Amino acid sequence: MKRFYMLLLLIAVAMNCLYASVHTGSCGPNVTYSLDTSTRELTISGTGSMYDYTSENVTPWYNERSYIHEVVIKEGVTTIGSYAFLDCTNLSSITIPNSVTSIGNFAFEDNSALAAVHYTSDVAGWCGITFDNYRSNPLYYAHNLYIGNTLVTELVIPESVTEIKDYVFQGCSVTQVTIGNSVTSIGDYTFCKCSGLTSITLPNSVTSIGDYVFYECPSLSSITIGNSVTSIGRSAFTGCSSLSELLIPGSVTSIGSYFFHGRDIFMFPEKDFRDCFSMFWRGNLYMQELTMKQEEIFNNTTDNIYSLADYYIETRSELTNGTFKVSLTPRYENVTINYVQYKSSKDGNYQELLQSADGYYYFEITPDWPEYDLNIGVSIGSLTDQKL
């Protein structure tokens, strides 16, 4: 019997030696890897860049990816290759050194168990990393960023940073953000889906805010935009359901589409709106965009249009028996409606709206025209700042 148990023990030891092994190889011109299946740790070391991979041309550790629970990238490695950790569904933690300056496409594709990102340098270094797309950033899944073994919640961007790159804090578990006075631009998706973010202050040094910067930040209730911002990107505040008011500085000259898509928002204009604007009406009667020299966004239902323009113009619309009608009534003596036009996606040419005896502007909707743009030219004299 003892011999039998001894035989089982030897078989177990042999099996353990077979599966608990160390796999090594190359993953860059001067970069190597070591996967210890007993400790579940993948270590990448060397100097320079990793190779880029694809979903077909996979990494050398792909077949052993189920063993990978932790990844440690050593100082000296400068890039993380595309699709580097594809389908590493058990990966829970990664350590990234200061030497990494870029991370390739979909490097962390399907890493649903990832819960912690450890960065060995500082906030300035993290802001300097170039992420090729949204799943290049491990925070897409992990949310928790540790710098110096400290979880980042109240984020302070230091004065040494001049640019916050695309995707840098996407999905991060930050609650408050303060940006240093040297930052001039904030890239696309920078704070996208930071669900716990409640407040942020943008200094006067910032001149541009990218697309989707605060997209789906439902807890964001306070934001201060400095008076040097000239452009705000597409869907910058879409999904900010806790944000009830916002001061748009007079320096802003353009705002992308879907600015506050799906939200009724209070705006505080800081300068006169003297130029014409266009509001784009789609076939479902949902106002999606208001374009001015200084742009704002419309939010429309079948019966009413709510917008910054509604501050200056009383606007009502209705759709009856295939006829779209809109009533425009200036609220102030110094507001003048210059023209009302529409165009369809079929011919792309603006046409003047007809005006009925009761003052409505109207046009007939043709079923094979799925989309229309409504263009209203307005001149606005000097108005003092007021809350909408």
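Got a sec to walk through the environment of Gly-171? Specific residues and values, please.
Mapped onto the elements of the fold, Gly-171 is located in the loop between β14 (163-164) and β15 (176-179). What Gly-171 contacts, discounting residues up to four positions off in sequence, is Leu-139, His-143, Cys-192, Lys-193 and Cys-194.

Run through the nonpolar core, naming residues and quoting values.
Ile-44, Ile-80, Phe-85, Trp-126, Phe-169, Phe-191 and Phe-214 are the most contacted members of the largest nonpolar core, which totals 74 residues. Contacts of Phe-191, omitting those with residues within four sequence positions, involve Leu-155, Phe-169, Val-177, Ile-186, Leu-197, Ile-200, Val-213, Phe-214 and Cys-217.

So what about unusual backbone geometry? Which residues, and what values?
One non-glycine residue, Lys-193, lies in positive phi territory at about 60 degrees. Relative to the assigned elements, Lys-193 resides in the loop between β16 (185-186) and β17 (199-201). Accessibility expressed as a relative area gives 45% for Lys-193, which makes it partly exposed. Of note in this structure, Glu-216 is not a glycine but carries a positive phi near 55 degrees.

Give a detailed account of the sheet that holds β15, specifying residues and quantitative values.
If you trace the 4 strands from one edge of the open sheet to the other, you get β13-β15-β17-β19, paired in parallel fashion. With one partner strand each, in any of the chains shown, β13 (154-157) and β19 (222-224) form the two edges of the open sheet. Across this sheet, the average inter-strand angle for adjacent strands is 5 degrees, counted without regard to direction. Sheet topology note: the β17/β19 ladder contains 3 bridges and is parallel.

How would you explain the packing of aromatic side chains if you had to name every residue and give the values?
Taken as a whole and assessed by the stated rule, the structure comprises 16 aromatic pairs. Relative to Trp-126, the ring of Tyr-119 has its centre 5.3 Å away and its plane inclined at 70 degrees; by these criteria the two rings are edge-to-face. Summarising the burial analysis for this pair, Tyr-119 and Trp-126 share the class buried. Pairwise contacts between aromatic rings join Tyr-33, Tyr-53, Trp-61, Phe-85 and Phe-108 into one cluster. Against the face of Tyr-62 rests Arg-65, its NZ or CZ located 3.9 Å from the ring centre.

Can you explain the confidence of the model for the protein? Please cite residues and give values.
Looking at the protein as a whole, the pLDDT averages 76, with 64% of positions reaching at least 70. The low-confidence segment residues 12-19, where pLDDT is below 50, has 2 contacts with residues more than four positions distant or belonging to other chains. Overall, residues 380-388 carries pLDDT values under 50, and its contacts beyond four positions in sequence, including any with other chains, amount to 31 contacts.

Describe in detail the side chain of Thr-190, supporting the description with residues and values.
Tracing the backbone through its elements, the reader meets Thr-190 in the loop between β16 and β17. Residues in contact with Thr-190, not counting those within four places in the same chain, are Ile-164, Lys-165, Tyr-167, Val-168, Phe-169, Gln-170 and Val-213.

Tell me about the environment of Cys-27, and please be specific about residues and values.
Counting through the fold element by element, Cys-27 comes out in strand β1 (residues 22-28). C-alpha separation for the pair Cys-27 and Ile-44, spaced 17 residues apart in sequence, amounts to 8.2 Å. Look past the residues within four positions of Cys-27 in its chain and what remains in contact with it is Thr-32, Tyr-33, Ile-44, Met-50, Tyr-51, Tyr-53 and Trp-61.

Let's hear about the sheet that holds strand β8 (residues 102-103): which residues, and what values?
The strands that make up a sheet pair up through hydrogen bonds in the backbone, lying either parallel or antiparallel. As summarised here, the arrangement of the 4 strands in space is β4-β6-β8-β10, forming an open sheet in which the pairing is parallel. Here the strands that pair on one side only, and so sit at the sheet edges, are β4 (48-49) and β10 (130-131). Two strands pair when backbone bridges link them, and β8 and β10 are joined in this way by 2 bridges, in the parallel orientation. Within the sheet, the bridge partner assigned to Ser-102 lies in β10 and is Thr-130.

Break down the side chain of Asn-137 for me, citing the residues and quoting the values.
Here Asn-137 lies in the loop between β10 and α3 (139-142). Taking relative accessible area as the criterion, Asn-137 reaches 0% and is therefore assigned buried. Side-chain polar atoms of Asn-137 contact the backbone nitrogen of Leu-139, separated by 2.9 Å. Ignoring any residue separated from it by four or fewer positions in sequence, one finds Asn-137 in contact with Phe-108, Trp-126, Phe-131, Tyr-167, Val-168, Phe-169 and Gln-170.

So, the pattern of salt bridges: which residues are in play, and what are the values?
Side-chain pairing between opposite charges can occur once the charged atoms of the two side chains come close. For the structure shown, the criterion picks out 1 salt bridge. Among the salt bridges present, the one from Glu-109 reaches Arg-135, with a minimum N-O distance of 3.1 Å. Of this pair, Glu-109 sits in the loop between β8 and β9 (116-119) while Arg-135 sits in the loop between β10 and α3; the two residues are 26 residues apart in sequence, bridging distant segments of the chain. Each member of the pair, Glu-109 together with Arg-135, is buried.

So what's going on with the pairing of strand β7 (residues 93-96)? Which residues, and what values?
A regular strand carries its side chains on alternate faces of the sheet. The two faces of β7 match: Ser-93 and Thr-95 on one face and Ile-94 and Ile-96 on the other face are all buried. Note: strand β5 (residues 70-73) against β7, 3 bridges, orientation parallel. The residue bridging Val-72 from the neighbouring strand is Thr-95, located in β7.

Basis of the calculations
- Along each chain, the written sequence defines residue order, and numbers are assigned to residues from 1.
- Under the rules for a predicted model, residues below a pLDDT of 70 receive no local features and side-chain atom pairs below 80 are neither given nor counted, while totals for whole chains, interfaces and linings still include all residues.
- Only hydrogens and water are set aside when side-chain values are computed; all heavy atoms of the structure are taken into account.
- Think of it this way: any DSSP run of H or I at least four residues long counts as a helix, any run of E at least two long counts as a strand, and we number them from the N terminus.
- Residue contacts are counted whenever heavy atoms from the two residues lie within 4.5 Å of one another.
- Among the buried residues, those of types Ala, Val, Leu, Ile, Met, Phe, Trp, Tyr and Cys that are joined through side-chain atoms within 4.5 Å form a nonpolar core.
- Each residue's exposure class comes from its accessible area (1.4 Å probe, protein chains only) as a fraction of the maximum for that residue type: buried when under 20%, exposed when over 50%, partly exposed otherwise.
- We call two strands paired when DSSP finds no fewer than two bridges between them.
- Think of each axis as a best-fit line through the C-alpha atoms, taken over the contacting stretch in the case of a helix, with angles from 0 to 180 degrees between the N-to-C directions.
- A pair of Phe, Tyr and Trp rings is counted when the ring centres sit within 6.5 Å of each other, with Trp represented by its six-membered ring. The angle between the planes then sorts it: under 30 degrees is stacked, over 60 is edge-to-face, the rest tilted.
- When the NZ atom of lysine or the CZ atom of arginine is within 6 Å of a ring's centre and also within 35 degrees of its normal, the charge is said to sit over that ring.
- Each residue carries a pLDDT value, the predictor's own confidence for that position, ranging from 0 to 100.
- Whenever two N or O atoms come within 3.5 Å, that pair is a polar contact, provided that in protein one can donate a hydrogen and the other can accept it, and provided that, for residues adjacent in sequence, both atoms are side-chain atoms.
- For this analysis, a salt bridge means a side-chain nitrogen from Lys or Arg found within 4 Å of a carboxyl oxygen belonging to Asp or Glu.

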